[in-house]
Structures are given as C-alpha cells and as structure tokens.
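A look at the structure
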Amino acid sequence: MDLIFAVLGLLALLVDSIRCQGVYAPPTVRIIHSGNACNVEEERHTERVYTIREGETLELTCLVTGHPRPQIRWTKTAGSVSDRFQDSSVFNETLHIQKIQRTQGGRYYCKAENGLGSPAIKSIRVDVYYLDDPVVTVHQSIGEAKEQFYYERTVFLRCVANSNPPVRYSWHRGREVLTQGSDKGVEIYEPFFTQGETKILKLKNLRPQDYANYSCIASVRNVCGIPDRSVVFKLTNKTASPSIKLLVEDPIVVNPGQTVSLVCINTGGEPPPILTWVSANDSLPQRSVVNGGTLTLPSITSDEAGIYSCVASNNVGNPAKKSTTIVVRALNRGRFWITPDPYHNDDNIQIGREVKISCQVEATPPEELTFSWLKNGRALRSSERMVITQTDPDISPGTTNLDIIDLKFTDFGTYTCVAALKGGGIPDFSIDVNISSTTVPPNLTVPRGKSPLVAREGDTVELECLVSGKPKPIILWSRADKEAPMPDGSMQMESLDGVLRIVNVSRDMGGSYRCQTSQYNGFNVKPREAMVELIVQYPPTVEPVFMEMRQGLGRPVVMTCRVLRAHPSRVLRFEWLLSNRLLHAGAFDAQKDETEYTIRSLNKEGWGEYTCNIINEAGAGKCTFQVTGKAYPPEFYYDTYSPLWQNRPRVYGFKLQWTQMNPSAVDRIIAYRLGIRQMGQQRWWETEIPVNATPNKGELMTHNLTELIKPESYEIRLTPITRFGEGDSAIRIITYSPPINPHLSKLHFHCSFEEEAICMFIQDKNDDFDWTQHSAATRDTKYTPNTGPSADRTGSKQGFYMYIETSRPRKEGDQARLISPFFNVAPKNPYGITNPPAYCFSFFYHMYGKHIGTLNAFLKQKGLTASEAPVWSLSGNQGDRWRQAKVSIHPTSSFQVILEGIRGPGIEGDIAIDDVTLEEGGCRDPPPSESLPNAPSFHFDTCFQPLLLVNQTWR
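Cut-off values and rules
Residues numbered from 1 in each chain as written. Predicted model: local features only at pLDDT ≥ 70, side-chain atom pairs only at ≥ 80, totals over all residues. Heavy atoms only, no water. UniProt positions renumbered as here; feature names shortened; annotations may be inferred. Disulfide = S-S within 2.5 Å. Helix = DSSP H or I, 4+ residues; strand = E, 2+ residues; numbered from the N terminus. Buried < 20%, exposed > 50% of the residue type's maximum accessible area, 1.4 Å probe, protein only. Phe/Tyr/Trp six-rings, centres within 6.5 Å; stacked < 30°, edge-to-face > 60°. Lys NZ or Arg CZ within 6 Å of the ring centre and 35° of its normal. Salt bridge = Lys/Arg side-chain N within 4 Å of Asp/Glu carboxyl O.

The name recorded for the chain in an unreviewed UniProt entry is MAM domain containing glycosylphosphatidylinositol anchor 2, from Oryzias sinensis. The UniProt entry for the chain carries this comment under Subcellular location (unreviewed entry): "Cell membrane".

Structure representation (structure tokens):
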C-alpha cells in the first residue's frame, strides 16, 4: 500500500510539473524578406541568398515563436572581415536599411532567445549588386614609346569597372563591334591576374584606321535592373601621356602669415590632362583655394608646412606628378643647461675651474639658424678664455656652447644666448643664464607631513617636492611603483614649481610617485630625485547596489549586504534603515564580509525601501532593497492559432492569451486590469477580468476582445492586481490582418501560395528536400536553364507558386513532399456518415524540361496511414505551359492532401504547382489524361476547418 501511495505521489508531481510547464517553449526563428529584393535564392548551396540593388531598401523580418516572447537580436558578418552590425546590434524584429551600400552586404544573423533551451539562430546572405561607370586607361608598349606620341606603335586600351556580379565587357570601334579574331590588328584578352576585373584591347602595329572612337561597354546582364554603362575614348595620332611643370622653387621658404601660391601648368598630353593638388597629409588645408592648376594658401601657418604635389592625369600612360616643399620659418622652444668642470668630480661651480653653458633652440629651417652671445647685455666674442662653439647639427641640432676657461670672479654675470634666422622676418629668441657665487646645483626634498599623503576619492590633491638651487630646474613627475600613465595620460609630467596637482583623485591613482630634476634649465649633473607616497581612501564597495524583492504577505524576507572592497579595509559599523527609519545598527564583524537583516513575517508596513549603510573612515557604501508585493507582469502569448475568431464585414474579434510570470512569488492574483486603446488616439478603455483561482506557472489564460473596428490596430495593456495593488503591466499591439486563406469557406478552399505562410501547408520532415515558394520575376535561370515556368498560373511574373529545384546537390529519385493542413468535416448525420459526399481536389501543374521526374498526389486520413497508391500521378515532360489536374475524393474523416515531387535524371527537371483548390461536390469534366483511371476512391469527412498540427509529418 505504501508503494502504491508513493507511486501516486510521483505521478501527481509529474502531472503538476507538466501542467506548470504549460505553453512555455524554446524559441524558433524564420527570416522573411520584403523591401526591394531583386532575387532570393532559397536553399542554394545550403544557404539563402538575398540579392538587392545598391541604393534600394533592405528589409528583413525575423518571425519567432516561443513563450515567453523571445528577445530578437540582429548581427552581421561581412566578407572576410567580421564586424558588428553598424557597430552595434539591432534589437528589433525587422531590420530596415534604407539606401543600402555595397559595404553593407554580408551574412545577417537573427538570434532569438527566451531563456528556454538554446537560442534559435537563422541567417541569410545579402548580396548587394552594383555597377560603376567604366574607366579606360591607355598605355603603349614601353620599348616602342617615343616622344609621347603614338606613331605605328602597339597600344593597349584597358577597361575597368567595379561591379557585383562580375562585369562583362564589349569593345566597339565607332559602330563596329570588336571581337577576338574579327580584325588581325586587334587582340582582346583578360590578363591572368585580373580575370573578370578588366578587359584589354590590344592594337598591334597601329594603323591609320585604328585612330577612332573606342567604346567600352560594361554589363551585368541587366540583373536587378542595372543598366549597362559605357565610356568613350578618342584615339588620335596626338594621343599622349601628360607632362607638367611647376613654376615655383623647391623648397619654398616663407614666413608665417605670408600668402603662398603654387602654379602648375600642362606642358603636354592628349586628351588635355586634369590637374589636381594633393598634400602629404592626403587632404589640403581647409583654407586653401584651388583654381585650375594654381593652389593658394592664404596667411600660411607652421601647421600647413610640408610637401605639396601637382598630379596630371588623362588616363593615358601614368599620371605625371611633381612636388615641392613649403618650409615655414619658425623659432620654437629654447632651453639651457650648465655643465660644471668635467675634469673634476664636483657638481659645483668654482673659481679657477671650467664651466660650460649650453643653449638649444628648435629652428625651421635649421640651416638658417645663427647664434650670438651677450654678457650683461654686451656682445661677447670668442676668445681664448671665452670659447664660443656650435655643436655639429647632426649630433645635437640647434645647439651652441659657451666654454668659460679658468673661471674668475669678474666672469660672474648674466649671459644671454640669442637665436636668429638669417632671412629675417622672425623675432629673435633669447635665453638668460646667470653665473654667480649663488649658482649651485639643485636639491630635492619632500616637505614634512607630505608623504605619505592621505586623500579621499574625489578630492583634489597636491604632491609637492621642494627644489633648491640656482637656477631652479624643471621637475619631472612619474609613477615609481608601476608602469602606468600620469593623470593627463602621459608617462611623465613637467612642473615648474615642483607641485603635481591631481583633480578628482581615484583609487587607482594611489601609490608611489617620483619627482626628479631635468637637465634642462638647470645643471647638467646626475638627476636628483625624491619619492612621495599617495594613499587614496574610498568608502566600501558593496553589492547589491539595488535589488527588488517581491514577496507575499506573511512570508519571510532575508536581505544581505556584502562588502567587496574598501580602504581602509577596517570597516567601522553598519546600519539598516527603512525609509530613513533606523531598524538596526552595530559594529561590523571583521571576520565576515557581509551583514544580514531578516523580516520573519512580511506585513503591509514592511513594504518599502530598505537601506544598508556600511561605513568606514572614507564614507559609506549603500545597498538598497525594494521590498514589494507587486506582481510580475503577464507574458503575452504570441503563438495563438487563428487569433481572429470573429470576422464580420466591419468588425473583428481577437483571442488574447497570456501566462503569468512567477505567479506564486507574491499574493494571489485576484484580477487583471485590461486597457485598450485604438492606435492614433489618446483615450484608454479599461475593464477588469476577475481571476477565480491562482494561476499556475505556464497556465494559458484567454480573454476574447470583441467589436474591434477593421482594419484598425490596438494597443493592449494588461496589469495584474493583488492585495498589494497593481503589479507590473505588459503591453502589446494587435493588428488586423485578413485570414491566411481569404477564400476559405464551408464549400471552397483555395491557395495560390502568394503569402509567406503558404496557406498553412508544411514541409514533410522525412523527405529528401523541400518545395520552394518562388515567382518568375525573382527566379535565377542561370542555374536551371530550359525548365520551370516563366510566370505563375495566371500569367503574372510577379505571382508566386511552389516548385522543386532539381539542381545540385539533388540526385535522381530525391523526394519533396508538401502537406496541406487538416480539413475536418462534421457529418450531416449525427449518427455517422452512411453516404459520404464527394469533393473535388484540383491544382495546376507545370512540368517542363527534358529531365522531368514524377508528380504525385496522395490523401491521408486522420488516424490512418496514407494510401500506398497516389490518387493522381504524372511523369515526364508536359511542355512549357500550365495544365490543370482534377480528382474526386470521398472522405470519411479529417484528412490531408500531400503533393510529392520526385527528381528526374538531370537538372532540367523543375516541377511547379499553383492554385490548389478543394470544393464540395464531385469534379466536373476532369481531364482524362491527367488523372489515373483506376485510382481508388477515398472517403473523407470535411467541413473545411483547418487544424494546426505542429511538426506534422507523413509516414
């Protein structure tokens, strides 16, 4: 008995688990297309290829199923380089790109995930087609070029055009079409290394008749409606490559503020070359003016100095290029350093010993730089004791030295180094250096109390090194404890007063800093240095920063605040508050890294915002908990079959379905508030939907919306209500769309395969390949010549039909089956069908091609296996036209129609079907040559109400 109860208990748990799962399902995804596609290849080389013309609108929609509603994300991979789509992902069902560019081609992925199972991913490759204007370039064989003119020479005309797909070229001389072999003096070929990219016309031993107008026509065979493009080149006995001359010096040396004009003229070339100016920086200065071959740079600056090139091109031979350099005079930063007697181990200046003063200035151009020295304002000339030298510019450019031999008391004074440029026009640059008994090497110290320096995160701090000595050198600051940049991003910062100021200091700026003297503007001795320690304190970093906790009344709530890091690490205390009311406080336990607060039984007064402050010397870290009884939002169910349940001439009804997210997390849901608003209007209509019992997880709830106006769309808002009040709302848009089969009625079913859903027909999962929805306007005959229809059954090239693609990798005998929805017919006699009625099943077929296989039609009753023999069958080439097949059936129960295409012996065997019809009553005048005379009669029971069976297969 105990065993029986145990088994019953397990069964109850299993049933409850199944019921809790309800309609939850992992995602599935399918990509459909709209916009301005010019071709879509389905299952071509196991991938979908969407072809579109450059500049058109790309629109891809990701259709998903699954509950909860999956989140959709579009990403892209392009060519050989992987990149994120538009540097980011698109989180939307529809990917819309207006005026698509060639660089936006590639593989687009739609990823759907809802937390159940693995994400669903589908992809489609977008191929952007384009054709640029062709360009003709002319070259003559190098060994035969003479005086730039073509007299009895071999000439090559190269035609190039950027395109996708590969371009085809044709050459014309005047109105004459040139082909290989049509003229002994003409040869047309594609270089091996650029096949498909260019076409060369070779004129051997140029003749008088070869002087003519040559047209290169580039074509992509009107694919995507892209017209041919052409270019004309006139070849004469004067045709020559360009030559130019610059009417300026090189280099051009100017002063800042001058206006510079560069003149370039053509000296040869036919057709007349086009002149352009470029700079070494690729782009010309913003203020520059180009007029023909003249480039003008008004009020030039040092930043605009550099190399400027004039380029002449006429597509004959190589472009001609000549360059000149503009040099803008300037005297820039200057610096000095004092070197004590190098022959004595002493850093001080002493009477009777040597001392050297060095001065360095950056000059442009460096060869114009001159130096002079003054002592106390008077000119100083080189002598035996005062030796003035200029350092080798290759070793230390722009440097002059003053060596004072056997320093005397009378040598004390102010020495001035004066830099100038020979051409004038630039102010002189001078540096003063004082030599006296007080001129001493530098020394660095850190003021008392300034190391270690303690600061709080966000403060402004000043690190200080006291520098003594005369003259005072520049102080260089850097990190001493690690290779890390300084606050300004550089590895070293200069300071004139020895102070390093850091604004808004952060915790990662803590550590050791080094200050040291620079050799410039000071003594050329071993650098002095000192260390400063910076300690940055910051409040505790805690988690969670914010957490929402939903709970029902009478249940416990446990809140935990955890310390991740802090400095100082010794935490002083903690405090728990509810809306600024202190609940609990105390010293933080150093052995733990967290503090906890528990509500044993939640009541209404316990709802609110709880704060935990964990406090150290630098401040407080705060955890926030929002304790609420608010219900989670409902989850709309988007996979409802036939949600349009009411379809009258002016109004429609909608079956709204949803599940409740985490229904047991809070108090029982007692009702839902339903809001509905017609799109484009402001007013909301609201009503309450009572809930009698607690909904289970995954339980599907339904509410029928009525009297919705056609064809308006509506915004629906659904809000759960508990004892707490209103919970989180969910919003969705419902849109009216005609039924999938607008011609479906009690007496008539018709499908022309115009819609993406193909009238709820499904592909058999157990066959070899699938039927493809297609139209003649988008079909690519490159892969299936001499087969398939040129229009749908009505003669429209825009209309759609279903067909089997028999190109590789298909092989003979491969089967593709298309299965109709179930048709359920209620019997007219409540006690059963004694005399089942007849129904007429008809369709149009197109079987054209020398490799046509077989087209079969089967009927399968619900609960029974399909008939072994088809109710209709036909094999072989039936000509390039649509024909109609009809067959009478007598169903006794719900049934499906199965259309089977079998691949023949070769690739020219595409079979197509269109306009499938099912009508009450036997077929009238069925075509005798298109149905089997001894086909068995099947009895089916139909009132033509399609039933959706997921993953239905035929066995």
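As a further point, take the state of the cysteines. This model, assessed by the stated rule, comprises seven disulfides. The disulfide bridge from Cys62 ends at Cys110, spanning 1.6 Å between sulfur atoms. An S-S torsion of about -95° defines the bridge between Cys62 and Cys110 as left-handed. Taken together, the residues Cys62 in strand 4 (residues 58–67) and Cys110 in strand 7 (residues 106–113) connect sequence positions 48 residues apart. Neither Cys62 nor Cys110 differs from the other in exposure class; each is buried. Of all cysteine sulfurs, the one in Cys561 lies closest to Cys612, which takes part in no disulfide; the gap is 3.8 Å. Classification of Cys612 as buried rests on a relative accessible area of 0%.

The next point concerns the packing of aromatic side chains. One pass over the full model with this rule turns up 15 aromatic pairs. Look at Tyr801 and Trp882: their rings are 6.1 Å apart centre to centre, the planes differ by 65°, and that puts the pair in the edge-to-face class. Placement of the pair is Tyr801 in strand 63 (residues 800–804) and Trp882 in the loop between strand 68 (872–875) and strand 69 (883–889), with a sequence separation of 81 residues. Summarising the burial analysis for this pair, Tyr801 and Trp882 share the class buried. In textbook terms, an aromatic cluster arises when at least three aromatic residues are bridged by ring pairs, as seen for Trp576, Tyr597, Tyr610 and Phe625. The ring of Tyr632 has Arg550 sitting right over it, with the charged end atom 4.2 Å from the ring centre.

Counted by the stated rule, this structure contains 39 salt bridges. Note that Asp133 is salt-bridged to Arg229, the shortest N-O span being 3.2 Å. Of this pair, Asp133 sits in the loop between strand 8 (120–131) and strand 9 (135–140) while Arg229 sits in strand 17 (residues 229–234), and the two are 96 residues apart along the sequence. According to the relative accessible area criterion, Arg229 is partly exposed, its value standing at 29%. Connected through salt bridges with shared partners, the residues Arg173, Glu176, Asp183, Arg207 and Asp210 form a single ionic network.

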